[in-house]
Amino acid sequence: MLAILLVLTALAAACGGGDDDDAGGEPTGEESDQSDQGEPVSGGTITVGLEAETPGWQPGSGNFANSGVAVAYAIYDPLVRLDENGEIHPYLAESIEPNDDFTEWTVKLRSGVQFHDGTPLNSQAMKTIFDTYLIAPGANTAGILRDTQLEVIDDLTYKYVLPAPNSGFPDNLAGAPGWPFSPTAAAANGANSGSMPVGTGPFVFDSWERDSRLVVKKNPNYWQDGLPYLDEIVFRPIPDEDTRLSSLETGDIDVMQTLRQSTGIRARDLDGVDNYEFLGNTTGTTIFNTTKPPLDDVRVRHALVLAQDQAQLIEVQGGTGVVPPSTQVFSEDSPYYSQEVADAWPAYDPEAAQELIDEYVNDPSRSDGKAPGEPVSFRYDCLPEPVLVDLASLYQSFWQEIGVQVELRQVEQATHVQEALSGDFQAKCFRAGADADPYVTLRNAFTLPSPLNFTRFTDPTIDEDLAELAASGDLDERKALVEEISMTINEGFPLSYYGSTLAVLAAQDYVKNVDGWTFPDGVRGIGTPGATTHWAFVWRTE
Amino acid sequence: MAALQPLDDAADRVLGLGVDDEPSLDVIPAPAGSGPRARRRWRFRRAGGKKGVAFWLAVAWLATVAFCAVFATRLPLPDPNRPNVIDRFAGFSAEHPLGADSLGRDQLSRVVHAARVSLVVSVSAVTIGLVVGGIIGTAVGYVRGRTERVVMAIVDVIAAFPALVLLLAVLAFVGRSLTVISVLIGALSIPIYTRVSRANTLSIAQRDFVHAAHTLGAKQSRILFREILPNVVPAVAAFALVAMGLVIVIEGSLAILGLSVEPPDPTWGGMIAASKPHLEEAAHLALVPAGAMFFTVLSLNFVGDTLRRGLDVRDSNL
Amino acid sequence: MGLVLRRLPAMLATLLIVSFLTFLLTSLLPGDPAIQILGADNANDPDSVEVVREELRLDDPLLVRYGAWLGDVARGDLGRSFRTDQQVADAILERLPVTLEVGGLAVLIALLVAIPLGTLSAFRAGGRADRVVTGASFGLLALPPFMVAILLILVFAVTLGWLPATGWVRFTADPIDNLRHAILPALSLAVGEMAVYTRLLRADMITTLQQDSITMARAKGIPTSRILFRHALRPSSFSLMTVVGLQVATIIGGAVIIETLFALPGVGRLLVDSILQRDLIMVQGCALVIAIAFVVINFIVDLLYTVLDPRIRYGSAATT
């Protein structure tokens, strides 16, 4: 229902499109039960059921949640994406190279690529897009690209000049800032350009009935020979989880997207349906405002974490056996996951929780100014969607067990976000993490004065480590730094986890190769993060 | 209409009955079709309408619900708000006579506790709408003229206003409580009661007995109260009884938008709304509160109907 | 026509007040529209937020903004959506046919069922038929629309496969397919309405059947069915017609749950989404359209009262 729409809009991954690693290790609880892929077949149409509608399709003004990215990858091509090992690899770009200190990134474009309106893709086009749309005041990409410049070197080569070293910069180019669109079309269409996207992608935008269907048709001049296989794709936003699943069951749609654990699991039970599951870096969290008593005292936060049983929290979301408990911002499949950090995260221990909270309660100089012996109390805000209400109620009862009085409050999305930004809260349910480079995610969430640091938690070691992280290109070095940061974060308990997000694309079994996309040079891609894929590589057999 | 022939036959049967010599006030015809085409006697009953088994069942149910609403906390029931995730979706059993919900909380206990909130919200909301709307509508429908135009314009403002905006704004500023929600829903429903009572007043005001009263020199207020109001009340009351059920469901929909009473306190509407993600695996999550609501509203209507038949001096002439 | 002119000032006043109050309240809601537009994650950049706020003139005083909007409306311009940049008027016009078709169909189905059942119920008040109809009415009422919708989808789409589960096809594109997509949503709405209409008609008709005019008709030998449907129905329809009128107008802005479940591009969803995402100008546009619908429909219903009972008059000499 509507509330689901709200929740998913609020909880979508940052910047869309960033990728996560699906490397070597065994995916936990994911299934890829699929039928035989067979040989590619040309032709045909598929209908894809998305979680939500997207208001506009132009990078810089459009907001791309997972449902938006799913469509975007049909019309646009990203300059780069993550490969199956979690490393950035050029896709539309021919190459991307940093300078020594990671302050400049040079991109070489492929020759002969055209936008759907015939405009050639070249450096000048990229510069026009960059200057006119991406860093324009009021653009939603202006923040990430603050003080960044684009310099043309020659017709197919240009570079991004950054204000400070950032080894994770290319990750942004997997998302909206890295999707070239035709500057001529954008200029011609003016305020309506968000409704008529023109990219370089395998499919050309055909028509759009908002909240109903968006149709794209095969691009006959696609720069990858032989692709796409399909003639047409119809994207239909179906905000309600249950009816979206029913639509898959009835065959009204051929592919279904969902980020809700319980829906994904129900999809597994459908006959004739293949499931492509991806456990990403977004995890559900309860965030504590570390500047507001009584949550400004780490003992209280620690106690609250000890008092909760994550297994039950996951059970209530319907994810038992599918979604592993989270202990950090990175999922087990990410190269930045650290077993040490996981082991250090406290397990369910209500007695220890009780001891800690009693310590605070009996402390004469307790931060909330109450008399010793008086119970701790605070307010927990969350969205009104039924599953989250259950989650909040469960939290409340865990904390009640240790004598903490929690008042539950439900707020709709706009107010929820506003309060998180302004710090007008004590505890909230939220999401942390993104399928993006850890530098960006961690810097946004755990440094000040980042407006996105809702917990207002920070530590000098985090700042130092982040600076090093941005300047380092060595994976092992980065992993160690991220581990240290994760450890520092967890020791401060600014947040508590209630399970990762499972992204699922469920497809009728005659739709093939949903997760098998590759880079032009043959390297395998990362699959279906955030329930999105490259539709150029998908075909249908009936 | 040939299809309605049986109706005609039944009607004939009814009308063809002999009437006892005693005055036929306070009578109703015997239910048609419950016997051969024999002559049947009018049956007498005391004022208040025929009170059969159904009536007393309805009364018993309402009494139970009222009792639960008042004494919920004193009853020996498990804590309605205490999650017990192991028992999730438990079916009907000795431990959980009405099953358990998505957090393993006992449904019987929740449905009983929910009675108080749901009843308070629905009764007060409907009462506000009924009383305020009913009076305004009747008065305005009788008086007509400029007053009518101005008042109806104001009422239209309430009707046409996007309710969600009002709810969000008021709840954001005033805070959320049972009182506020009941008053808001009540206020938002004033237009419909106003219009319905006005509509009926317009019709009744044309009747001969009203004209007669007027001619006889009765004061306007007397006509309003003695002639018009008693005839408007049944129609508006019928809507009010239906509206009680509607308000319970509406409250549930509001819960989905975060506009209702705060969790974890249960309400029938909230329980129904929360059952949606689990309809397939655990239908009893929806059926239990829906059932409670169904029986309550049905009982209210039965009782209301029977009482009405007692108050009505005249019976059906058909 | 004199009637319209006399009512016009009141109607316009209503529209003005509704639009002003809407403007006022939505502006006061917590939650910054600029942040909704940029996306929470992009609130990272206070400069962008500033720029967007300036573009949308969100910091101008309330009355100035309202006055500007009013001026635009007078020229026929409802503005551009904050979120989508689409013309508000276009967005609403795209969606109105969907909502009207589903809502209209729902009311039609509900009336087709409610009129015979309500009549039967009133005629046999207290009898078995009445009890059955009453029980069924409240049974249907106890099922909230979303439950009915899901049940219908389960039966007709998933199990039987006769109808699609979700989605919409325009009437102009394919009339048959359009109806196939409209039936289940309309039924979901109709089920609840049926119950209300039946009860209303029943109540009014019981009153009507007590009148002497009915005895007269009987005495004249007119068959029962004719009495019921030709003589009794009309004067009993006051409540029904009033509520139907209000319902139709309400559906335009209020069928959001059904529209979301069935993924229909309707006005209800547009309004609610816009409110929740603080797309203030779209909210204004939708609220205005809905208010117009209310005012017009109520006016028509008022006129129709005179059809039901010609003794009712409108105009200056309207006293008993």
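These remarks concern the structure in this document. (Residues numbered from 1 in each chain as written. Chains lettered and ligands numbered in written order. Predicted model: local features only at pLDDT ≥ 70, side-chain atom pairs only at ≥ 80, totals over all residues. Heavy atoms only, no water.)

Re the overall build of chain A
Basically, it comes down to this: Where helices and strands are cited, they refer to DSSP runs of H or I of at least four residues and of E of at least two residues respectively, numbered from the N terminus. Both definitions apply: the radius of gyration is a C-alpha atom measure, and the globule rule equals 2.2 Å times residues to the power 0.38. Relative accessibility thresholds used throughout: buried, under 20% of the residue-type maximum; exposed, over 50%; partly exposed, between the two (1.4 Å probe, protein chains only). By definition, residues are in contact when any of their heavy atoms lie within 4.5 Å. The Shrake-Rupley method, run with a 1.4 Å probe sphere, supplies the accessible areas, and residue values consider only the shown protein chains as cover. All tallies of charge rest on Lys and Arg as positive and Asp and Glu as negative; His and the ends of each chain are not included. A single reference atom marks each charge: NZ on Lys, CZ on Arg, CG on Asp, CD on Glu.
The secondary structure content of chain A amounts to 15 helices and 18 strands. Against the 2.2 N^0.38 benchmark of 24 Å for 542 residues, chain A shows a C-alpha radius of gyration of 23 Å, consistent with a compact globule. Summarising its shape, the C-alpha atoms of chain A cover approximately 75 × 55 × 45 Å along the three principal directions. A buried classification covers 65% of the 542 residues belonging to chain A. If you take every contact in chain A between residues at least 6 apart in sequence, the share linking residues at least 24 apart comes to 73%. Only carbon and sulfur atoms are counted for the fraction: they give 48% of the accessible area of chain A, which is about 17100 Å². For chain A, the distance from the average position of its 31 positive side-chain charges to the average position of its 85 negative side-chain charges is 7 Å.

Some details on the sheet that holds strand β6 (residues 149-154) of chain A
Residues and elements named next belong to chain A. The test is simple: Strands are treated as partners if at least two bridges between them are detected by DSSP. Angular values range over 0 to 180 degrees, each being the angle between N-to-C directions of two axes fitted as lines to C-alpha atoms, with helices fitted over their stretch in contact.
Taken together, four strands build an open sheet; the order of strands is β4-β5-β7-β6 and the sheet is antiparallel. Two strands close off the open sheet at either side, each with one partner strand: β4 (93-98) and β6. On average, each strand axis in the sheet is tilted by 20 degrees relative to the strand beside it, whichever way the strands run. Summarising the sheet, β6 and strand β7 (residues 157-161) pair through five bridges and their orientation is antiparallel. If you follow Leu150 over to β7, its bridge partner there is Tyr160. Together, β5 (104-109), β6 and β7 form the strand contacts of helix α3 (residues 123-134), whose direction differs from that of β6 by roughly 170 degrees.

Digging into the packing of aromatic side chains
Definition in use: Between 30 and 60 degrees the pair is tilted, below 30 it is stacked and above 60 it is edge-to-face, where a pair is any two Phe, Tyr or Trp rings, Trp via its six-membered ring, whose centres lie within 6.5 Å.
Overall, the coordinates contain 38 aromatic pairs over all chains when judged by the stated rule. Aromatic side chains Phe294 of chain B and Phe295 of chain B sit 5.2 Å apart centroid to centroid with 55 degrees between the ring planes, which places their arrangement in the tilted category. Residue Phe295 of chain B is classed as partly exposed on the basis of its relative accessible area, which comes to 42%. A centroid spacing of 6.1 Å and a plane angle of 45 degrees characterise the contact between Phe156 of chain C and Trp162 of chain C, whose relative ring orientation is tilted. A relative accessible area of 54% places Trp162 of chain C in the exposed class. Among the aromatic residues, those joined into a cluster by ring pairs are Trp57, Phe64, Tyr73, Tyr76, Trp179 and Trp208 of chain A.

Concerning the interface of chain C and chain B
We count it as follows: Computed with a 1.4 Å rolling probe, the buried area is the accessible surface lost when two parts are put together, summed over both parts. Whenever a carboxyl oxygen of Asp or Glu lies within 4 Å of a side-chain nitrogen of Lys or Arg, that contact is scored as a salt bridge. Counted as a polar contact is a pair of N or O atoms within 3.5 Å, where, for protein atoms, one must be capable of donating a hydrogen and the other of accepting one, and residues adjacent in sequence contribute only when both atoms are in side chains. Side-chain classes are defined by residue name, with Ala, Val, Leu, Ile, Met, Phe, Trp, Tyr, Cys and Pro counting as nonpolar, Asp, Glu, Lys and Arg as charged, and the others, Gly among them, as polar.
Chain C puts 79 residues into the contact, and the matching count from chain B is 72 residues. Buried surface at the junction of chain C and chain B, summed over both partners, amounts to about 6800 Å²; 70% is from carbon and sulfur atoms. Our count for the chain C to chain B interface comes out at two salt bridges. Here Arg195 of chain B and Asp302 of chain C are joined by a salt bridge, their closest N and O atoms 3.0 Å apart. In this structure, the connection of chain C to chain B is made through seven residue pairs in polar contact (both at pLDDT 80 or more). Counted by class, the side of chain C that touches chain B contains 47 nonpolar, 18 polar and 14 charged residues.

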